[in-house]
Amino acid sequence: MSEEHKMTKKDKLVLGITLAAIFVGVFGLGFVGVLFNLSS
């Protein structure tokens, strides 16, 4: 990362959405797995 590169508001928004999507996806898969294990 160069010193010249600055995070714009759009960059932060995209990064936040990406991290949120990954987190929700992992958490969702884990939650579904737990429910599946408990129900079987």
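Just above, that's the structure.
Here is what the cut-offs are and how they apply
- Residues numbered from 1 in each chain as written.
- Predicted model: local features only at pLDDT ≥ 70, side-chain atom pairs only at ≥ 80, totals over all residues.
- Heavy atoms only, no water.
- Patch = residues over 30% accessible without salt bridge, like charges linked within 9 Å, V, L, I, M, F, W, Y side chains within 5 Å.
- Areas by Shrake-Rupley, 256 points an atom, 1.4 Å probe, with all protein chains shown as cover.
- Salt bridge = Lys/Arg side-chain N within 4 Å of Asp/Glu carboxyl O.
- Helix = DSSP H or I, 4+ residues; strand = E, 2+ residues; numbered from the N terminus.
- Buried < 20%, exposed > 50% of the residue type's maximum accessible area, 1.4 Å probe, protein only.
- Phe/Tyr/Trp six-rings, centres within 6.5 Å; stacked < 30°, edge-to-face > 60°.

Novice: Would you take a moment to explain a nonpolar patch on the surface for this structure?
Specialist: A cluster of nonpolar side chains, M7, L15, L19, I22 and V26, forms an exposed patch at the surface whose accessible area comes to about 470 Å². Along the chain, L15 falls in helix α1 (residues 9–39). A relative accessible area of 43% means that L15 is categorised as partly exposed.

Novice: Got a minute to help me understand the packing of aromatic side chains in this structure?
Specialist: One pair of aromatic rings is described through two measures. These are the centre distance and the angle between the planes. Applying the stated criterion across every chain yields a total of two aromatic pairs. Measuring from centroid to centroid gives 6.2 Å for F23 and F27, while their planes differ by 10°, and the two rings are stacked. Linking F23 with F27, this pair stays in helix α1, spanning four residues, or about one helical turn. Neither residue differs from the other here; F23 and F27 are each classed as exposed. With centroids separated by 6.3 Å and ring planes inclined at 10°, the aromatic side chains of F27 and F31 adopt a geometry described as stacked. Taken as a pair, F27 and F31 lie in helix α1 at a separation of four residues, close to a single helical turn. The exposure class assigned to F31 is partly exposed, which follows from its relative accessible area of 48%. The rings of F23, F27 and F31 are connected pair by pair, giving a single aromatic cluster.

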